Amino acid sequence: MTRAPFESIVALHGARVWRVCRALLDEVDADDAWSETFLAALEAYPRLAHDARIEEWLVTIAHRKAIDVLRRRARLVVGDVPDRPSPAVARDLDLARALALLPTRQREAVVLHHLGGLPFAEVAATLGSSADAARRASSDGVHRLRELLGDADA
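Description of the structure in this document.

Definitions and limits used
Each chain has its residues counted from 1, running along the sequence as written. Residue-level local features of this predicted model are given only where pLDDT is at least 70; pairs of side-chain atoms are given and counted only at 80 or more, and the full residue set underlies all totals for whole chains, interfaces and linings. For the side-chain quantities, the full set of heavy atoms in the structure was used; hydrogens and water were omitted. Elements are defined by DSSP. Helices are runs of H or I of four residues or more, strands are runs of E of two residues or more, and each kind is numbered from the N terminus. Partly exposed describes any residue whose relative accessible area lies between the buried limit of under 20% and the exposed limit of over 50%, with all areas from a 1.4 Å probe on protein chains only and scaled to the type maximum. We call two residues in contact when some of their heavy atoms are within 4.5 Å. Patches were defined on residues exceeding 30% relative accessible area and lacking a salt bridge, with like-charge contacts within 9 Å and nonpolar side-chain contacts (Val, Leu, Ile, Met, Phe, Trp, Tyr) within 5 Å. All accessible-area figures derive from a Shrake-Rupley calculation using a 1.4 Å probe, and residue coverage is judged against the displayed protein chains alone. Salt bridges are counted wherever a side-chain nitrogen of Lys or Arg sits within 4 Å of a carboxyl oxygen of Asp or Glu. Note that His is not counted, nor are the chain ends; the positive residues are Lys and Arg, and the negative ones are Asp and Glu. Charged groups are reduced to one reference atom each: NZ for lysine, CZ for arginine, CG for aspartic acid, CD for glutamic acid. To estimate how far a helix should reach, multiply one less than its number of residues by 1.5 Å. Axes, fitted as lines to C-alpha atoms, cover a helix only where it is in contact. Angles between the N-to-C directions of the axes lie from 0 to 180 degrees. Convention used here: angles under 35 degrees read as roughly parallel, angles over 145 as roughly antiparallel, angles from 65 to 115 as roughly perpendicular, and any remaining angle as oblique. Crossing handedness follows the turn of the near helix against the far one: under a right angle anticlockwise gives a left-handed crossing, and clockwise gives a right-handed one. Residues are grouped as follows: Ala, Val, Leu, Ile, Met, Phe, Trp, Tyr, Cys and Pro are nonpolar; Asp, Glu, Lys and Arg are charged; every other residue, Gly included, is polar. When two rings of Phe, Tyr or Trp (its six-membered ring) have centres within 6.5 Å they constitute a pair, described as stacked for plane angles under 30 degrees, edge-to-face for angles over 60, and tilted for the intermediate range. Sitting over a ring, as applied to charges here, requires NZ of Lys or CZ of Arg to be within 6 Å of the ring centre and within 35 degrees of the ring normal.

This part covers the overall build of the chain. Helix and strand content of the chain: seven helices and zero strands. Its helices and strands taken in sequence order, the chain reads α-α-α-α-α-α-α from the N to the C terminus. Put simply, the chain has 154 residues, and 35% of those count as buried. Of the contacts made within the chain by residues no fewer than 6 positions apart, 65% connect residues no fewer than 24 positions apart.

The following block contains the structure:
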């Protein structure tokens with residue numbers, strides 16, 4: 001079986017990987033995590049099993065790379081933050097801020113399932129929990145996001 005060229009993998013799955021990275025990170029750091037994801041994937045791609053689910057594999061790598069960036073950032077001293085975001089990015093920042101307020105397990109379950117598109121069995125494997133626990137964490141996270149973002153139906 002012949003593998004698809006890696007460029008087609010990036011074109012097909014790049015947007016989903018971006019959403020996962022952006023959900024956990026600001027735009028600049030998300031760019032870094034996106035790039036790191038595809039660099040790591042390019043290196044591992046020749047050894048990937050032919051029956052592997054590529055999108056899930058990439059989302060898992062993206063999640064890990066975003067966590068790595070968060071860990072590096074936690075060790076850095078950050079300068080002044082602008083008082084107001086530009087209107088064009090305000091909604092994305094609202095979601096990013098709301099996600100940041102969720103407990104880690106809920107945030108990761110929401111990002112992996114809703115933004116990364118992983119089924120709960122894969123989310124559970126990534127998080128080291130059961131599918132039921134991943135489903136519950138995701139549900140609780142979405143409910144809390146609705147509260148934080150002012151959804152009247154929450």
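After presenting the structure, the write-up continues.
Attention shifts here to a negative patch on the surface. On the surface, Asp26, Glu27, Asp31 and Asp32 cluster together to form a negatively charged patch. The topology assignment puts glutamate 27 in helix α2 (residues 27-44). For glutamate 27, a relative accessible area of 43% puts it in the partly exposed group.

Turning our eyes to something else, we now look at helix α7 (residues 131-148). Between the first and last C-alpha of α7 there are 25 Å, a value that for 18 residues agrees with the 26 Å anticipated at 1.5 Å per step. Where α7 ends, the next residue or the one after it, glycine 150, has phi of about 80 degrees, a positive value.

At a closest axis distance of 10 Å, the pairing of helix α5 (residues 104-115) and helix α6 (residues 120-127) adopts a crossing angle of 140 degrees. The orientation of α5 relative to α6 falls into the category oblique. Along this stretch, α5 crosses α6, giving a crossing that reads as right-handed. Residues Arg105, Glu108, Ala109, Leu112 and His113 of α5 pack against Phe120, Val123, Thr126 and Leu127 of α6. Its residues assigned to classes, the contact of α5 with α6 shows five nonpolar, two polar and two charged.

Now for the packing of aromatic side chains. Scanning the entire structure with this criterion turns up three aromatic pairs. Ring pairs connect the aromatic residues Phe6, Trp34, Phe38 and Tyr45, which therefore count as one cluster. Over the ring of tyrosine 45 we find arginine 3; its NZ or CZ atom is 5.0 Å from the centre of that ring.

Attention now moves to the pattern of salt bridges. Following the criterion strictly, the structure yields five salt bridges and no others. For glutamate 56, the salt bridge identified is with arginine 53, shortest N-O distance 2.6 Å. Residue arginine 136 pairs with aspartate 140 through a salt bridge whose shortest N-O separation is 2.9 Å. With a gap of four residues between them, arginine 136 and aspartate 140 both fall in helix α7, about one helical turn apart.

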